[in-house]
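Each chain, letter by letter, is given below.
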Amino acid sequence: MGDNIASEDEYSVSDFQNVLCLRNQLINVPLPKLLEVYQDYDAYLIFLDSVAVMSAIDSAFLLFDDSFPEKIHKVIQIHRFSSKDSHISDVINSIIMYLNGIQSYSDNVKNSLKNGYLDYHEDIRDCQMDDNQVFLAALAYDAQVYVALENDTMENITEDDLFLSSINYLLETIPDLFKNSAVQKRVMDKLEELSKTKGFFQTQIREYSKSTISHFQKVKESNSF
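Everything quoted here is computed from the prediction, not taken from an experiment.

Reading the values: the criteria
Residues numbered from 1 in each chain as written. Predicted model: local features only at pLDDT ≥ 70, side-chain atom pairs only at ≥ 80, totals over all residues. Heavy atoms only, no water. Salt bridge = Lys/Arg side-chain N within 4 Å of Asp/Glu carboxyl O. Helix = DSSP H or I, 4+ residues; strand = E, 2+ residues; numbered from the N terminus. Buried < 20%, exposed > 50% of the residue type's maximum accessible area, 1.4 Å probe, protein only. Patch = residues over 30% accessible without salt bridge, like charges linked within 9 Å, V, L, I, M, F, W, Y side chains within 5 Å. Areas by Shrake-Rupley, 256 points an atom, 1.4 Å probe, with all protein chains shown as cover. Lys, Arg positive; Asp, Glu negative; His and termini not counted. Charge placed at Lys NZ, Arg CZ, Asp CG, Glu CD. Polar contact = N/O pair within 3.5 Å; in protein donor to acceptor, adjacent residues only side chain to side chain.

## A short note on the pattern of salt bridges
No. 1: Taken as a whole and assessed by the stated rule, the structure comprises 9 salt bridges.
No. 2: A salt bridge links Arg125 to Asp142, with the nearest nitrogen and oxygen atoms 2.6 Å apart. Of this pair, Arg125 sits in helix α6 (residues 107-125) while Asp142 is found in helix α7 (residues 132-151), placing the two residues 17 residues apart along the sequence. With respect to burial, Arg125 and Asp142 carry one shared label: buried.
No. 3: Residue Arg186 is joined to Asp152 by a salt bridge in which the shortest nitrogen-to-oxygen separation is 3.3 Å. Remark: Asp152 occurs in the loop between α7 and α8 (160-173) and Arg186 occurs in helix α9 (residues 181-195); sequence separation between them is 34 residues.
No. 4: By relative accessible area, which is 19% here, Arg186 ends up buried.
No. 5: Beyond isolated ion pairs, a larger network of salt bridges with shared partners links Arg23, Asp58, Arg125 and Asp142.

Now the structure itself:
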């Protein structure tokens, strides 16, 4: 199901960013708001492209809530018959066929794919997800961390455990993000801050941040940046 973004060399960093944003939207944004946002045709085209990329590299995500494919179906209908471009029509039809296909999976197939996807994320994030809600919160937070690192808005990062989860994930899936020296500094400043937090109840965060620092250094060395 293409769970490892990093293995898909034909996709750009902006493609990956769009998939992160799409995941966040499908988890957090109500359907009426999505329908409002994607009335804009240029945004709609980005949406189509993001769904197409997600179907190739991150499609098991769509199995975690029936509302995800349903939201995509509804958004697609906005301009489904507006375009005279045959390529866009082909993309729309391919996405609809794909969504119909995954929605017809048996429960055994769905559960197998979901378990594999969850195992992958727990391994790459170096943490356990206690339930579906926690897992989806972690997936949604990836986009927030990406935007904060890119735009120097680290003050918006308030969930320490989710931040660490996302950093571990982004290090493995979009290592090019960290080639920017300003991004490196933002990451290390936050990690060092968390590694020095005081208090008994902060023990897990301290240990998690230290292991994330080690992960960061390894990725930095292996990617020569």
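Don't stop here, the text continues.
## Remarks on a negative patch on the surface
No. 1: On the surface, Asp119, Asp123, Asp126 and Glu172 cluster together into a negatively charged patch.
No. 2: Along the chain, the position of Asp123 falls in helix α6.
No. 3: Given the relative accessible area of 65%, Asp123 is considered exposed.

## What to know about the side chain of Asp58
No. 1: Relative to the helices and strands, Asp58 is located in the loop between α3 (41-57) and α4 (67-76).
No. 2: A polar contact of 2.8 Å, which involves the side chain of Asp58, links it to the side chain of Arg23.
No. 3: In this structure the side chain of Asp58 is engaged in a polar contact, spanning 2.9 Å, whose partner is the side chain of Tyr117.

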